[in-house]
Amino acid sequence: MTRNVLIIEDNPGIGELVQMHVADLGLTPILCDRGDTGLERFREGDIDLVVLDLMLPGVDGLSVCREIRSGPGYVPVLMLTAKSTELDRVLGLEMGADDYLTKPFSVAELSARVKALFRRVDAMAVAQAADADATEVNGELTTDGLRIDPARRRVFVREQEVELTAREFDLLWYFANHPGRVFSRAQLLDKVWGYNHEGYEHTVNTHINRLRGKIERDPARPEFIETVWGVGYRFRD
């Protein structure tokens, strides 16, 4: 079955470029040039991925992303932004975007991100099917007040539920399943994001900072996700 990619981008040149290369990947692109019309098309359903510009007329990209995430089901969101400040990226990720590209970006970068998001969706479907066959007790992971329920993709810290984005959950689950093992940023990009594109290690840093802010008592002195200076990160053994 062909997968549909909703592209919400008000710049005609960029929108048409993304549309062309999405089609080259064997996907069906649907282009909207306003946030409000993009949301209307999303609500109609049958969308498998959203490529979303941050600055849009009608309804801004952050508001579009927030509404997408407030609904049932999960559709990955790849955010496009002309802004390069960390605040803009963090806001988008906090609203639930799975990944981002800063303009200008290359065709190779765009293709890698789209392919990686679909690989991740497929892997999630397989994992959820496997979890459905397992018992709830066997599926959960608990350590020092942190409880992760993979079947329901829920996380609790000292029995208080913590809201994580899809990518934050995947990152935490990967760490928790490899306690004590040190991962470089490039390795985490490959294993969790599904690609290893030079120059995007900061994506890992941003997600880990956000994740620490949600699960650690003191993010400056993390108990769960530790920094191994000069190498990367590890989940406490």
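Our subject in this report is the structure included herewith. The structure presented is a predicted model; accordingly, all values stated were derived computationally and were not measured.

Rules used in this analysis
- Residues numbered from 1 in each chain as written.
- Predicted model: local features only at pLDDT ≥ 70, side-chain atom pairs only at ≥ 80, totals over all residues.
- Heavy atoms only, no water.
- Salt bridge = Lys/Arg side-chain N within 4 Å of Asp/Glu carboxyl O.
- Helix = DSSP H or I, 4+ residues; strand = E, 2+ residues; numbered from the N terminus.
- Buried < 20%, exposed > 50% of the residue type's maximum accessible area, 1.4 Å probe, protein only.
- Arc of directions from axis to C-beta.
- Pairing = 2+ DSSP bridges.
- Contact = heavy atoms within 4.5 Å.
- Axes fitted to C-alpha atoms, helices over the stretch in contact; angles between N-to-C directions.
- Expected span 1.5 Å × (residues − 1).
- Parallel < 35°, antiparallel > 145°, perpendicular 65-115°, else oblique.
- Nonpolar A, V, L, I, M, F, W, Y, C, P; charged D, E, K, R; others polar.

## Examining the pattern of salt bridges
Here the structure, examined in full by the defined rule, presents 17 salt bridges. Of the charged contacts, one joins D122 and R3 as a salt bridge, the two residues approaching to 2.4 Å between their closest N and O atoms. Of this pair, D122 sits in helix α5 (residues 107–133) while R3 sits in the segment before β1 (4–8), and the two are 119 residues apart along the sequence. Judged by relative accessible area, D122 falls into the partly exposed class, the value being 36%. Overall, the relative accessible area of 25% leaves R3 in the partly exposed class. For R152, the salt bridge identified is with D149, shortest N-O distance 3.2 Å. For R152, a relative accessible area of 45% translates into the label partly exposed. Here the salt bridges share partners, and the residues they tie into one network are E9, D53 and K103.

## Some remarks on helix α8 (residues 185–193)
When we look at burial in α8, the residues that qualify are L188, L189, V192 and W193. Taken end-on, α8 shows its buried residues confined to a sector of 105°, consistent with a single buried face. Just downstream of α8, G194 is the residue with a positive phi angle, here 90°.

## Looking at the pairing of strand β7 (residues 146–149)
Alternating positions in β7 separate into two faces, L146 and I148 on one and R147 and D149 on the other, with burial throughout. Inspection of the sheet shows strand β6 (residues 141–143) paired to β7 by three bridges, in the antiparallel sense. From the neighbouring strand, L141 faces β7, where its bridge partner is I148. The turn linking β6 back onto β7 is made up of two residues, and D144 within it adopts a positive phi angle of 45°. Strand direction decides the pairing type here: β7 and strand β8 (residues 154–157), joined by four bridges, are antiparallel.

## Brief notes about the sheet that holds strand β10 (residues 182–183)
Reading across the sheet, the three strands line up as β10-β12-β11 and stay open at both edges, with antiparallel pairing between neighbours. Single-partner strands in this sheet number two, and they are β10 and β11 (225–228). Two strands pair when backbone bridges link them, and β11 and strand β12 (residues 232–235) are joined in this way by four bridges, in the antiparallel orientation. Bridge pairing in β12 links V228 to G232. Contacting β10, β11 and β12, helix α7 (residues 166–176) runs over the sheet at an angle of about 70° to β12.

## Section: helix α9 (residues 201–215)
The first and last C-alpha atoms of α9 sit 22 Å apart over 15 residues, in line with the 21 Å expected at 1.5 Å per residue. Those residues of α9 not exposed but buried are T203, V204, T206, H207, I208, L211, R212 and I215.

## Thoughts on the packing of α7 against α9
Between α7 and α9, the shortest axis-to-axis distance is 10 Å and the interhelical angle comes to 80°. Judged by the inter-axis angle, α7 sits roughly perpendicular to α9. Contacts between α7 and α9 involve R167, E168, L171, L172 and F175 from the first element and H207, I208, R210, L211, K214 and I215 from the second. Here the residues of the contact of α7 with α9 sort into six nonpolar, one polar and four charged.

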